[in-house]
Amino acid sequence: MLVGAHMIADPPAPEILAHEEKIFPEIVKRLGPRAGLFKPVAGTVFPNFSMLKPTSRTFRVWHPRGPDKTEVWAWVYVDTAAPPDVKEAVRLAGVRVFGPAGVFEQDDMDNWQACTQTGRGVVARRHPLNYEMGLGHERYDDDLKAWASEYRFSENNQRQFYQRWAQLMTAERWAEVKS
Amino acid sequence: MREELLREVEQFLYREARLLDERRFHEWLGLFTDDVRYWMGGRSTRYPPSSKSITVLDRERRQESENEDELAILDETKTTLGGRIARLDTGMAWAEDPPSRTRHIIANVEVEPGDTASELKVYSNFLVYRTRAESEQDFYVGSRQDVLRRVDGAWKIARRKLVLDQNVLLPKNVSIFF
């Protein structure tokens, strides 16, 4: 029998999905119809607050610690009104998938370290990073009030991130920076 | 506790450590009972109970170890441990490709009677050295509290509680077993 990460990690525990489906109408009621227009897997509030919810429910803060170091603080969050079995499922998914020993996170730590090392290499430094995926296929969605891509996977978010970064880095004064 | 039983338990733990260092993970998994809980937590920096600091306001804040129903580094069943081992065979377990070279040093073994006649409480300390790729190296140091159970004439691990001594985990990840 082939058993992999999917067995313990993906899809999310059925009790988590059932609970979120149950409370969804209340979420839309409280936050408005925009909340029902997208289902993020991962996202970042510029510049360093991120969330991740493919299996567990986590958010994290990225602390720059110098040119080649980042410290990550990660939390698992759970609805305080959720029943005990849902809380336990979220806790276990957090530990088993995105904790320091998590079946995804242990690889990610290695990947990020390798990306940092590779980026410092002689050949890597000769080339700009390519963020063209999905270029020309993004559009401003009036209902969502945000930029969206026609594709499930794109680098639209990455382009938005670095455009904002470039705006802030090149502006002479706050008044020049679009909010 | 009889001398021969202590030797038997020590040999069991040393053999288990060798299976891990030789990456014989499927054989290692066979040493656990089907109902095992395999748990690893860390420790936090706290003021001592005698401290006159702000901890007088909150006694709970003196507790160095995590509760077992809170977030942990590992909280596994035999099934999820099996999933982790099966994952290593997929060719896509990047944190272990190339694999870690580990050395498990197990010491301070104490054996006490267990809750039932077929069980033992076993305390030990571990010092695990992990080196990987060109120059990566890490130390994982802590204590273990095991429950060993006699099943069909052989010892099996029915409970393993691991507590690391580090406050912030200094290795970049935990992709090995203890």
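Residues numbered from 1 in each chain as written. Chains lettered and ligands numbered in written order. Predicted model: local features only at pLDDT ≥ 70, side-chain atom pairs only at ≥ 80, totals over all residues. Heavy atoms only, no water.

Chemist: An account of the overall build of chain B is needed here, citing residue identities and associated values.
Modeler: What chain B contains, in helices and strands, is three helices and six strands. Along the chain direction, N to C, the helices and strands of chain B fall in the order α-α-β-β-α-β-β-β-β. For the C-alpha atoms alone, the extent of chain B along its principal axes is close to 50 × 45 × 25 Å. By the burial criterion, 44% of the 178 residues in chain B qualify as buried. Nonlocal contacts in chain B, meaning residues at least 24 apart in sequence, comprise 62% of its contacts between residues at least 6 apart. Carbon together with sulfur atoms contributes 50% to the accessible area of chain B, which is approximately 9,500 Å² in total. One finds the centroid of the 29 positive side-chain charges in chain B at a distance of 2 Å from the centroid of its 32 negative side-chain charges. (Helix = DSSP H or I, 4+ residues; strand = E, 2+ residues; numbered from the N terminus. Buried < 20%, exposed > 50% of the residue type's maximum accessible area, 1.4 Å probe, protein only. Contact = heavy atoms within 4.5 Å. Areas by Shrake-Rupley, 256 points an atom, 1.4 Å probe, with all protein chains shown as cover. Lys, Arg positive; Asp, Glu negative; His and termini not counted. Charge placed at Lys NZ, Arg CZ, Asp CG, Glu CD.)

Chemist: Can you explain the sheet that holds strand 3 (residues 58-64) of chain A? Please cite residues and give values.
Modeler: Residue and element names in this part refer to chain A. In space, the four strands of this open sheet follow the order 1-2-3-4, with antiparallel pairing throughout. The open sheet is flanked by strand 1 (42-45) and strand 4 (70-76), the only strands paired with a single partner. Pairs of neighbouring strands in the sheet enclose a mean axial angle of 20°, with direction left out of account. For strand 3 and strand 4, the ladder comprises seven bridges, and the chain directions are antiparallel. In the strand pairing of strand 4, H63 is matched with E71. (Pairing = 2+ DSSP bridges. Axes fitted to C-alpha atoms, helices over the stretch in contact; angles between N-to-C directions.)

Chemist: If you had to explain helix 3 (residues 78-88) of chain B to someone new, which residues and values would you point to?
Modeler: Within helix 3 of chain B, nine of the eleven residues are buried, which leaves it mostly tucked inside the rest of the structure. Taken together, the buried positions of helix 3 of chain B are K78, T80, L81, G82, G83, R84, I85, A86 and R87 of chain B.

Chemist: Kindly report on helix 3 (residues 84-98) of chain A, identifying the contributing residues and their values.
Modeler: Residue and element names in this part refer to chain A. Compared with the 21 Å implied by 1.5 Å per residue over 15 residues, the 20 Å span of helix 3 between its first and last C-alpha is a close match. The buried fraction of helix 3 amounts to eleven of the 15 residues, a majority that puts the element mostly inside the structure. Of the residues making up helix 3, those classed as buried are V86, A89, V90, R91, L92, A93, G94, V95, R96, V97 and F98. (Expected span 1.5 Å × (residues − 1).)

Chemist: Go over the interface of chain A and chain B with me, naming the residues and quoting the values.
Modeler: Contact residues are listed per partner, giving 19 residues for chain A and 28 residues for chain B. Here chain A meets chain B over a buried area of about 2,000 Å², counting both sides, of which 56% is carbon and sulfur. Interface area lost by chain A to chain B is led by R91, R96 and Q106 of chain A, which between them contribute 26%. Put simply, chain A and chain B have four salt bridges between them. (Buried area = accessible area lost by both parts, 1.4 Å probe. Salt bridge = Lys/Arg side-chain N within 4 Å of Asp/Glu carboxyl O.)

Chemist: Account for the packing of aromatic side chains, with residues named and values stated.
Modeler: Residue and element names in this part refer to chain A. Applying the stated criterion to the full structure yields 19 aromatic pairs over all chains. Seen from their ring centres, Y131 and Y162 are 5.6 Å apart, and the 40° between their planes marks the pair as tilted. Taken as a pair, Y131 in the loop between helix 5 (122-126) and strand 5 (138-141) and Y162 in helix 6 (residues 156-170) lie far apart in primary sequence, 31 residues in all. Clustering of aromatic rings is evident, with ring pairs tying together F46, Y131, F161, Y162 and W165. (Phe/Tyr/Trp six-rings, centres within 6.5 Å; stacked < 30°, edge-to-face > 60°.)

Chemist: Quick one: what's the story with the sheet that holds strand 2 (residues 74-76) of chain B, residue by residue and with numbers?
Modeler: Residue and element names in this part refer to chain B. Across the sheet, which stays open at both edges, the six strands sit in the order 2-1-6-5-4-3 with mixed pairing between neighbours. Edge strands, defined here as strands with exactly one partner in the open sheet, are strand 2 and strand 3 (101-113). In this sheet, neighbouring strand axes are inclined to one another by 20° on average, regardless of whether the strands run parallel or antiparallel. Relative to strand 6 (residues 154-164), strand 5 (residues 136-151) is paired through ten bridges, and the arrangement is antiparallel. Each bridged residue has a counterpart across the sheet, and for R144 the counterpart in strand 6 is L162. Where helix 3 meets the sheet, it contacts strand 1 (32-41) and strand 2, and its direction lies at approximately 75° from that of strand 1.

Chemist: Kindly report on the pairing of strand 5 of chain B, identifying the contributing residues and their values.
Modeler: Residue and element names in this part refer to chain B. In this sheet, strand 5 lies alongside strand 4 (residues 119-132) in antiparallel orientation, the contact comprising 14 bridges. Each residue of the ladder has a partner; that of E119, found in strand 5, is R149. Connecting strand 4 to the antiparallel partner strand 5 that follows it, the hairpin turn spans three residues, and A133 within it adopts a positive phi of roughly 55°. Remark: two residues form the turn of the hairpin made by strand 5 and strand 6, two consecutive strands paired antiparallel; D152 in that turn has positive phi of roughly 50°.

Chemist: I'd like to hear about the confidence of the model for chain B, residue by residue, with values.
Modeler: Summarising the model, chain B shows a mean pLDDT of 93, and 95% of its residues fall at 70 or more. Note on the complex model: pTM 0.89, ipTM 0.90. (pLDDT = per-residue confidence, 0-100.)

Chemist: I'd like a description of a nonpolar patch on the surface, backed by residues and values.
Modeler: Side chains of F46, Y162, W165 and M169 of chain A sit close together on the surface and give an oily, nonpolar patch of about 430 Å² of accessible area. Tracing the backbone through its elements, the reader meets M169 of chain A in helix 6. (Patch = residues over 30% accessible without salt bridge, like charges linked within 9 Å, V, L, I, M, F, W, Y side chains within 5 Å.)

Chemist: Requested: an account of the pairing of strand 3 of chain A, with residues and values cited.
Modeler: Residue and element names in this part refer to chain A. Of the strand pairs in this sheet, strand 2 (residues 49-52) and strand 3 are connected by four bridges, and their pairing is antiparallel. In the sheet register, M51 faces strand 3, and the bridge partner there is F59. Between strand 2 and strand 3, which pair antiparallel and follow one another directly, the connecting turn spans five residues. Counting the residues between successive antiparallel strands, the hairpin from strand 3 to strand 4 contains five residues, one of them, G66, with a positive phi of roughly 120°.

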